[in-house]
Every structure is written in structure tokens, then in C-alpha cells.
Amino acid sequence: MKRKIYIILWIITGMITVVDYKACTIFMANDGKHVWVGNNEDEMPSLTYRLWYYPRLRNQYGYMIWTELSSDEKINHLMYKNPQGGMNEYGLLMDYTAINEIPFTRKRNRLDRSEEVITDVLRKCKTVDEAIDYISKFNLVKLTAAQLFVGDAKGDYAVVHGSYIMRRTTRNFALTNYPVSNHYEPCVRRDTALRYLSVEKDYYLKDVVSLLEKTAQTDTHDIVSNYSIAADLRSTRIHLYYKGDFSKPVIISLKKELNKGVHQRDMAAYFL
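How each quantity is defined
Residues numbered from 1 in each chain as written. Predicted model: local features only at pLDDT ≥ 70, side-chain atom pairs only at ≥ 80, totals over all residues. Heavy atoms only, no water. Core = buried A, V, L, I, M, F, W, Y, C linked by side-chain atoms within 4.5 Å. Buried < 20%, exposed > 50% of the residue type's maximum accessible area, 1.4 Å probe, protein only. Contact = heavy atoms within 4.5 Å. Helix = DSSP H or I, 4+ residues; strand = E, 2+ residues; numbered from the N terminus. Pairing = 2+ DSSP bridges. Axes fitted to C-alpha atoms, helices over the stretch in contact; angles between N-to-C directions. Salt bridge = Lys/Arg side-chain N within 4 Å of Asp/Glu carboxyl O. Polar contact = N/O pair within 3.5 Å; in protein donor to acceptor, adjacent residues only side chain to side chain.

**Q** Go over the nonpolar core with me, naming the residues and quoting the values.
**A** With 33 residues, the main nonpolar core has L51, W66, F149, L233 and I238 as its most contacted residues. Not counting the four nearest positions on each side in its chain, F149 is found in contact with I26, M28, V37, L93, M94, D95, Y157, A158, F173 and L175. Within the second largest apolar cluster, 27 residues are counted, among which are M79, M94, I135 and L140.

**Q** Kindly report on unusual backbone geometry, identifying the contributing residues and their values.
**A** Unusually for a residue other than glycine, T236 sits at a positive phi of about 50 degrees. For T236, the position within the fold is in the loop between strand 13 (224-232) and strand 14 (237-242). Judged by its relative accessible area of 9%, T236 is buried. Positive phi values are uncommon outside glycine, yet K243 reaches one of about 55 degrees. Position of K243 relative to the elements: it lies in the loop between strand 14 and strand 15 (245-253). Residue K243 is classed as partly exposed on the basis of its relative accessible area, which comes to 35%.

**Q** Account for the sheet that holds strand 12 (residues 173-175), naming residues and giving values.
**A** Spatially, 6 strands are ordered 12-1-2-13-14-15 in an open sheet, and the strand pairing comes out antiparallel. Each of the sheet's edge strands pairs with one partner strand only, and the pair in question is strand 12 and strand 15. For this sheet the average axis-to-axis angle between neighbouring strands, irrespective of direction, equals 15 degrees. The pairing of strand 2 (residues 35-43) with strand 13 spans 8 bridges and is antiparallel. By the bridge assignment, N39 is partnered in strand 13 with I229.

**Q** Could you give an account of helix 5 (residues 188-197), with specific residues and numbers?
**A** Every buried residue of helix 5 is listed here: R189, R190, D191, T192, A193 and L197. Packing partners of the buried residues in helix 5 comprise strand 1 (24-30), strand 2, strand 12 and helix 6 (205-215).

**Q** I'd like a description of the pattern of salt bridges, backed by residues and values.
**A** In the structure shown here, the tally under the stated rule is 14 salt bridges. R123 serves as the salt-bridge partner of D120, at 3.3 Å between the closest nitrogen and oxygen. Of the two residues, D120 and R123 both sit in helix 3 (residues 118-124), 3 residues apart, roughly one turn of that helix.

**Q** Got a sec to walk through the environment of I229? Specific residues and values, please.
**A** By secondary structure assignment, the location of I229 is in strand 13. Distance in space between the C-alpha atoms of I229 and M28 is 12 Å, their sequence separation being 201 residues. Contact partners of I229, with chain neighbours within four places excluded, come to V37, G38, N39, W66, L212, I238, H239 and L240.

**Q** So what about the side chain of R113? Which residues, and what values?
**A** For R113, the position within the fold is in strand 7 (residues 111-113). A distance of 3.3 Å separates the side chain of R113 from the backbone oxygen of E115, its partner in a polar contact. Leaving out residues up to four positions away in the same chain, R113 has contacts with D120, Y134, F138, N139, L140, V141 and K142.

In C-alpha cells form, the structure reads like this:
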């Protein structure tokens, strides 16, 4: 029995350190009154997911994370160590986009860290400023083939890689699968989002959903938008869409979910 547990832990550790981030589109729509984050999670159509909820404790904030599911339930019980993204009770939201690998930069005054930072940041931080202060303690030695988006309810945002951190430069923002560090590469999804967000207007749920639809991946390729999120950071409410169907949202109130105590639920179960 102990040997099985060790094998599972070894597998999870491997997944954490060599995690393969897929395509994704993330954008922030901030009109000064509403702060929305939209996210299309683009992966193989066969993949499934789970949502995890952790209420506030004396020394940590309440938060939720989302993860991929494995066919082995023993592994799923440990997948909270390997989140795709998450949001906490203060509206701090984090998620990844894939990029071509760029080596991380080691700084001598920082600790090397190969584990995910999402869970610790959501537990400890209320804002992007606090998140960057925490993340900046570490050399993110495995964050080489992805960028971590961090956004908060004030409308601040940052993009984190093992070799750079980009801070907020514009009110609205879009991130896809190209590095933001030092050059520009054309991207239909990102450029579509930026054109849409260049209009000075109030942004409501219908606008966010419209942009998610415009930037979604379709089943003409082996990568599709398996789920899409429209997150209202100020109310900590998520409108969740599944497998490209934008007509049937599930509304998740983080406050209500945290009041239920620690629990998990497979994403597909919300849409039965």
C-alpha cells in the first residue's frame, strides 16, 4: 500500500514539474465600474476538469482552483497540487497561457521553486501587488513554457514568467500564446480581443461572452475551447460555459461555495 502511495506522489510531482500548458486566451475588460476576466481554456476535446473549494482559515483566505482530471481517481485526489487556475475571496484570479519555451533567469538572492505558486498566492494575497511581492521571492525554475496571468478586483494585472514580470500598462488587456517580454507576434485571438476592448464603453456580461465566443477555438482542429470563464472579480462570481456552448451558463458564486466547506465537483457535473 505504501509503495502505491509513493508511486502516485511521484507521478504528481512529475506532473507539477513538467506540466504541459495548452493554448488559452485570457483578457481583462475594465471600464472603471466592472472588472471582468474572460478565459477560454483550449485543450484536447477529451480532457475533463474539476473545481475545488477551500474556505477561509485563520491563516489563509478562501479560494477555489480548477484542475484537469485523470482517469485514475487516486491521482485526482492530489491534483489540487497542480491547478490550471483559480480565484480567491478578494477577486484575485490567476491562470496560464502556453508559449514556446524560454529559459528561466536565476537570481542569486531568490529561492529556487519548482512547485506551483497559484495555491499559495490565492491563500496569502489580496491584490496583484501582494502577489508579485510573494512571487518575487522565488526563481520559478519550471515556469519556462507558459505565462501566468494575475488580475485583481481593482483592475490591476501582471504577467509572470520565470525570466520576467510584466506589469499593467493599459486598462484593458489580452494574453494568448506569445511572450509579452520583448517582441510582438501576430495572433488572431489576441488581436481580436484587443480590437474589441479598444472601445471606450461599459462592459457587461454579454460583452464578455461575445468576446469569448469570438476568440474560442472550434472543433476544426485537435484543440478546442473545452470551457470558458467570464469572471466578475468584484462580485467573485463566475459564469462558466462548457464545451463551446455559450447558451447554457452555470453561475458560480464563490462566497456561496465557500460557505459549504471544503468540497470538490467535476466540471461536467454542473451541466447535467
